[in-house]
Structure formats: structure tokens, C-alpha cells
Amino acid sequence: ELALKSLGNEGLFLFSSLDTNNDLYLSPEEFKPIAEKLTGVVPVSESEEEEMPDPSGETLSIVAKFQPLVMETMTKSKDGFLGISHVALAGLRNWTAPAAPKSVMLARQFKAFLPPKNKLDLGDPWWIIPSELNIFTGYLSNNRFYPPAPKGKEIIIHKLLSMFHPRPFVKTRFAPQGAVACIQAISTFYYTIAFRIHAEFQLNEPPDFPFWFSPGQFTGHIILSKDSSHVREFKLFVPNNRSLNVDMEWLYGASESSNMEVDIGYLPQMELESTGPSIPSVIHDENGNVIDSRDPSGEPIQFVFEEITWQQEIPWEEAARKLEVAMYPFKKVSYLPFTQAFERAKAEKKLVHSILLWGALDDHHPSASLPLPGSGRTLRETVLESSPILTLLNQSFVSSWSLVKELEELQTNRENEFYSKLADLHLEKYSFPVEMIICLPNGTVVHHINANYFLDITSMKPEDVESSIFSFSSNFEDPSTATYLQFLKEGLQRAKPYLQS
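What counts, and at which threshold
Residues numbered from 1 in each chain as written. Predicted model: local features only at pLDDT ≥ 70, side-chain atom pairs only at ≥ 80, totals over all residues. Heavy atoms only, no water. Helix = DSSP H or I, 4+ residues; strand = E, 2+ residues; numbered from the N terminus. Buried < 20%, exposed > 50% of the residue type's maximum accessible area, 1.4 Å probe, protein only. Contact = heavy atoms within 4.5 Å. Areas by Shrake-Rupley, 256 points an atom, 1.4 Å probe, with all protein chains shown as cover. Salt bridge = Lys/Arg side-chain N within 4 Å of Asp/Glu carboxyl O. Pairing = 2+ DSSP bridges. Core = buried A, V, L, I, M, F, W, Y, C linked by side-chain atoms within 4.5 Å. Domains from an automatic or database assignment. Axes fitted to C-alpha atoms, helices over the stretch in contact; angles between N-to-C directions. Parallel < 35°, antiparallel > 145°, perpendicular 65-115°, else oblique. Left-handed = near helix turned anticlockwise from the far one by under 90°. Nonpolar A, V, L, I, M, F, W, Y, C, P; charged D, E, K, R; others polar. Phe/Tyr/Trp six-rings, centres within 6.5 Å; stacked < 30°, edge-to-face > 60°. Lys NZ or Arg CZ within 6 Å of the ring centre and 35° of its normal. Polar contact = N/O pair within 3.5 Å; in protein donor to acceptor, adjacent residues only side chain to side chain. pLDDT = per-residue confidence, 0-100.

1. Some points on the overall build of the protein
So, point 1. Of the regular secondary structure elements, the protein holds 13 helices and 22 strands.
So, point 2. Taking all 501 residues of the protein together, 51% fall into the buried category.
So, point 3. Nonlocal contacts in the protein, meaning residues at least 24 apart in sequence, comprise 71% of its contacts between residues at least 6 apart.
So, point 4. Of the roughly 23,900 Å² of accessible surface on the protein, 53% is carried by carbon and sulfur atoms.

2. Structural notes on the environment of F213
So, point 1. With respect to the helices, strands and loops of the structure, F213 is situated in strand 8 (residues 211–215).
So, point 2. Separated by 51 residues in the primary sequence, F213 and I264 have C-alpha atoms spaced 9.5 Å apart.
So, point 3. In this structure F213 touches L69, L92, W95, E200, F201, L203, V246, D247, M248 and L267, once residues within four positions along its chain are discounted.

3. Concerning the pattern of salt bridges
So, point 1. What the rule picks out here adds up to 16 salt bridges.
So, point 2. E306 is paired through a salt bridge with R232; the nearest N and O atoms lie 3.4 Å apart. With E306 in the loop between strand 16 (290–291) and strand 17 (312–313) and R232 in strand 10 (residues 231–237), the pair connects residues that are 74 residues apart, well separated along the chain.
So, point 3. For E306, a relative accessible area of 43% puts it in the partly exposed group.
So, point 4. For R232, a relative accessible area of 13% gives the class buried.

4. Side note on the sheet that holds strand 7 (residues 200–202)
So, point 1. Strands sit in the order 4-7-8-11-12 across an open sheet of 5 strands; the sheet is antiparallel. Across the chains shown, the open sheet's two edge strands, defined by having one partner strand only, are strand 4 (168–169) and strand 12 (260–265).
So, point 2. With 6 bridges joining them, strand 11 (residues 246–251) and strand 12 adopt antiparallel strand pairing. Its bridge partner lying in strand 12, L251 is registered against M260.

5. Describing unusual backbone geometry
So, point 1. Cis peptide bonds are those with omega within 30 degrees of zero, and the linkage from P206 to P207 qualifies with 10°.
So, point 2. If you trace the backbone, P207 turns up in the loop between strand 7 and strand 8.
So, point 3. A positive phi angle, near 55°, is found at F81, a position not held by glycine.
So, point 4. Along the chain, the position of F81 falls in the loop between strand 1 (58–67) and helix 4 (90–93).
So, point 5. Of note in this structure, K349 is not a glycine but carries a positive phi near 55°.
So, point 6. Relative to the elements of secondary structure, K349 occurs in the loop between helix 7 (338–348) and strand 19 (351–357).
So, point 7. For K349, a relative accessible area of 61% corresponds to the exposed category.

6. Considerations on the nonpolar core
So, point 1. Ranked by internal contacts, the top residues of the largest apolar core, which has 61 residues, are Y335, I355, F397, M436, Y484 and L488.
So, point 2. The residue makeup of this core includes at least three contributed by each of domain 2 (58–324) and domain 3 (328–500).

7. Digging into the packing of helix 10 (residues 404–411) against helix 11 (residues 417–429)
So, point 1. Two elements in contact, helix 10 and helix 11, have axes whose closest approach is 8 Å; the angle formed by their N-to-C orientations is 135°. Relative to helix 11, the element helix 10 is oriented oblique. In this structure, helix 10 crosses over helix 11, and the sense of that crossing is left-handed. Two secondary-structure elements touch here, helix 10 through V404, L407, E408, L410 and Q411 and helix 11 through Y419, S420, A423, D424, H426 and L427.
So, point 2. The residue makeup of the contact of helix 10 with helix 11, split by class, is 6 nonpolar, 3 polar and 2 charged.

8. Quick notes on the packing of helix 9 (residues 387–396) against helix 13 (residues 479–500)
So, point 1. Between helix 9 and helix 13, whose axes approach to 10 Å, the crossing angle comes to 15°. One finds that helix 9 runs roughly parallel with respect to helix 13. Considering only the axes of helix 9 and helix 13, their crossing is left-handed. Contacts from P388, I389, L392, L393 and S396 in helix 9 reach T481, Y484, L485, L488, K489 and L492 in helix 13.
So, point 2. Residues of the contact of helix 9 with helix 13, tallied by class, amount to 8 nonpolar, 2 polar and 1 charged.

9. Remarks on the packing of aromatic side chains
So, point 1. As enumerated under the stated definition, the model contains 20 aromatic pairs in all.
So, point 2. For the ring pair F145 and Y146, a centre distance of 6.4 Å and an interplane angle of 50° mean the geometry is tilted. With respect to burial, F145 and Y146 carry one shared label: buried.
So, point 3. Aromatic side chains F169 and W212 sit 4.8 Å apart centroid to centroid with 65° between the ring planes, which places their arrangement in the edge-to-face category. Pair noted here: F169 is in strand 4 and W212 is in strand 8, with a separation of 43 residues, a long-range link. Neither F169 nor W212 differs from the other in exposure class; each is buried.
So, point 4. Looking at R93, its charged tip hangs above the ring of F81, at a distance of 5.2 Å from the centre.
So, point 5. Here the guanidinium or amino end of K226 rests over the ring plane of Y191, the centre of that ring lying 5.1 Å away.

10. A closer look at the side chain of N450
So, point 1. With respect to the helices and strands, N450 occurs in strand 22 (residues 445–450).
So, point 2. Here E435 takes part through its side chain, which lies 3.0 Å from a polar atom of the side chain of N450.
So, point 3. In contact with N450, other than residues within four places in its own chain, are S431, F432, P433, V434 and E435.

11. Brief notes about the confidence of the model for the protein
So, point 1. Here the protein averages 84 in pLDDT, while 83% of its residues score no lower than 70.
So, point 2. Helix 3 (residues 46–51) is the least confidently modelled element of the protein, averaging 45 in pLDDT, while strand 13 (residues 269–274) averages 98, the highest of any element.
So, point 3. Note on residues 365–374: pLDDT under 50 across the span, and 34 contacts to partners over four residues away in sequence or across chains.

12. Topic: the pairing of strand 1
So, point 1. Examined bridge by bridge, strand 1 and strand 14 (residues 279–280) share 2 bridges and lie antiparallel to one another. Across the sheet, residue E58 finds its bridge partner in strand 14, namely P280.
So, point 2. Pairing of strand 1 with strand 2 (residues 102–106) involves 5 bridges; the strand directions are antiparallel. Bridged to T59 within strand 2 is L106.
So, point 3. Strand direction decides the pairing type here: strand 1 and strand 13, joined by 6 bridges, are antiparallel.

Okay, here's the thing in C-alpha cells:
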């Protein structure tokens, strides 16, 4: 109360965003972002000093490519951003180019991508940055402007993402956090490592309120020597193959409980790529003498790199799938694209288990999956990961998830009447934010339930549930697993006449 009296609402909001341990005192470490902002001087952090590799090692040149978010793809653009202050979106509108279009890094800094000794099999995932969040820990505060100082393996990822924007958070507010990797190919001296990173950016600074920009995922690969002295190739990017790939959330007031707006949109390009293999920063002749990196005519010396012969490798799609399942155990069930799911269901005489969402189910979307406190996340992190559900889905259903926007496009596609009809039948049953649907291979919906309703009934005590539609089974501790199982079984029951014919 005293703090509120001294600082006022907005002053306290800024103070709290810096006071990371909530002790009402700012330590020098907590005050650092403001000091850097006012003085313009960024001291080298201890963790970076510890990590400083040999400066005479090889260097890698990396370029950043960035095309800003297409504002027209945001839902709120449909009514011309009515009621949204220009200030709230200022950080987003002003972000039109990468913070650093080019950067030169030391090859050895990429050793963070090397596998631990117990993860040397192809496709066996490990965590570069482990997730510290789960369904029980909840999520991190929205009221923050400045990322905490990165430590250990976070440093290189923070450095790379800072090429796009000066305020990357390598640990997201919501699960699944972190970065995961696996070996995609092995040669005598090299690995190709596939990776997936969940990170987000804070686009606003005081006195404005926070604006969070969360790409669905960053993915990519690195080819590096087993001793990390040489990087042959590096690429990191935000996939742009779906119609929406970024979640945005912004606060409207000076407190955690202030109104928060959410939206989703499309980012055409956000990628980093090496311009070529890493090269020695100091060149020695055969006698060990340092020589100039340019030949007598002033041209840079050309390096010749040996061809890498891979002894074992797996396709990129397989590596990406392993990373996806590591991030999202619910993906142990394959979720096929919408139209493909119906073709497969017809061939295998199974039902389609379909999830229709406003935002993506398998990208790091804090709220697009669910504007209610985490309805889609809850679904993803509990019900869809539970072993009895995984078993039944694999056995009796073909699963799919789709974005409402994609089905609306399919609905208007008159080239394929059948697909248009499938989309029609789905959208007819959809209610915001997430609808779980069970249907026949011809698209007829036999059962459906809205995520909000599902969460409401599973949060009630069993004795308070009047409806006989969903009864709790005593075999499971978790009412949501029991209820979802019941939903799937009832779908099978209702479809029996069709499946028998």
C-alpha cells in the first residue's frame, strides 16, 4: 500500500516488472535494464565472460531476414482495430526490420547445440534449455519488459534471437518452454543437429504496457564438427506454412489482472542463416607464421572445405516429428491435415477425432489456443497426453486439428465440393475457442463438446454433475481424462450403426 501511495498505479507497475523476486527492493541486477537504458552502456555479463571461447578460433557470419507481421491477418483488423489505442500496437507497427541484419559469431559458441554423451542415437531428443514449467507450476508473469540475463546454453540462443529484436525471452511464459534438439545425421567428424526453440519477444517498453509477440516455434538445423571448432551450416526460422503463426497478447492496465487483449496473425519471414562455413579468424602458413587473410592482390583468401560423407541419417520430417513429440507428448498420436484425416478414416474404417481451434494446438501459443485461462493448454497438457486417451485414439480414431481460418477458406473452395462440405459440417458445430468433434469419414458429426463446457464440468465435483451425458469413471483419478474417455466412447457408440454397415 505504501508503495502504491509513493509511486501510483503505473509507477508501481514498472517497479514490479523490475522487482523479479517481489521483495519490494531493487537489487543492482534488477535495476540493470534501466541503467542500460539511461546510460546506453551494456556491460559484459559474467556468464558471457566465462563462456568466451578462444578468439583465434573460427568465426561464422550470420544474416537475419525479416518481413513484419501482416497486420491484415489479425482478427482485430477486421473492424479497423476499433477501440485499440495506437500506443498499444506501436512496438508491433515499428518493428519492420531485424535489429541486427548481420552478425559475426565465434564457431565454438555453438557447442551448446552438441549432444550430451548419452544422446548419440539418431532422433533421440535432448533438452538444450529444459522447460521449468508444467501444468502445476502455472506460468510466468506477463508484467515484464526486460529479459533476465541468459545463463549457460541460453546465451547463444539469446544472442541469435537478439538479431531480430533487442528483447527476446528464451524462456516463454507458458509451457512448453525451452529448446529441444536431436541428431539428424552423423559422419566421422560432423553432426547435423535439428532443433526446435520456443521463445517470445517483448515489443513495448515503459511507459507503455507490455506487448508479447510469440511465434509458434523457431526450428532449424546446424551442421557442426564434433569438437565444435567448425560450423559448416546454420539455419533458424519461424515456419510460415500455416495461415497463422504468431500469437500476440497485450495488457491494458498497470496490473497482472488488467484486461488483456489477444490476437493471432501471420509472419511471412523470420530467419537466420549462415552466409557460408565458419572460417579461421587467424591464418597460419605451414611454418606456423600468421599470414594476411587477403592475397597480394587484396582479394580475400578462398577456403576449400572437404565434402562431408554422412554415415547415418534420418529425413528432416522424422527429426522434426521427434522434436514435436518431445515438446508435446500428446503428439504420440499423429494429427493429420484435415482432408487427409477423412481419406485415412475412410480407408481404415475409423472415426475422425477432430479439434477445431481459433489458434494452433501444437505451436507455442499461450492464448490463441485459448483465451480462457488456458483451456487449450489444459487439454493439451493433461487429457490428450494421458495414456488411456492416447491408446484409444490410436486404436479407433484418425486424429486431426485445424484452424477455423483454414476451414473457412476450405468452405469457400468450390473446386472440391466434398472438402467444402466437410468444412461446412465442422464449422456448423464450432463455438469459440475450441471444439472437439467426432465424425464419420463422410463428415457427419456424431458427437462434439466445447472446451469451455468440458473444463466447466470437469472442474465440478462428480456429485454436482447433473447431466448423464458425461459420467465420471472411478477408474481414473483425473476427472478430465475420465470425461474425455467417456466422450470418445460415446462417439464410438453413436457411430456403431455406420461402422457395422
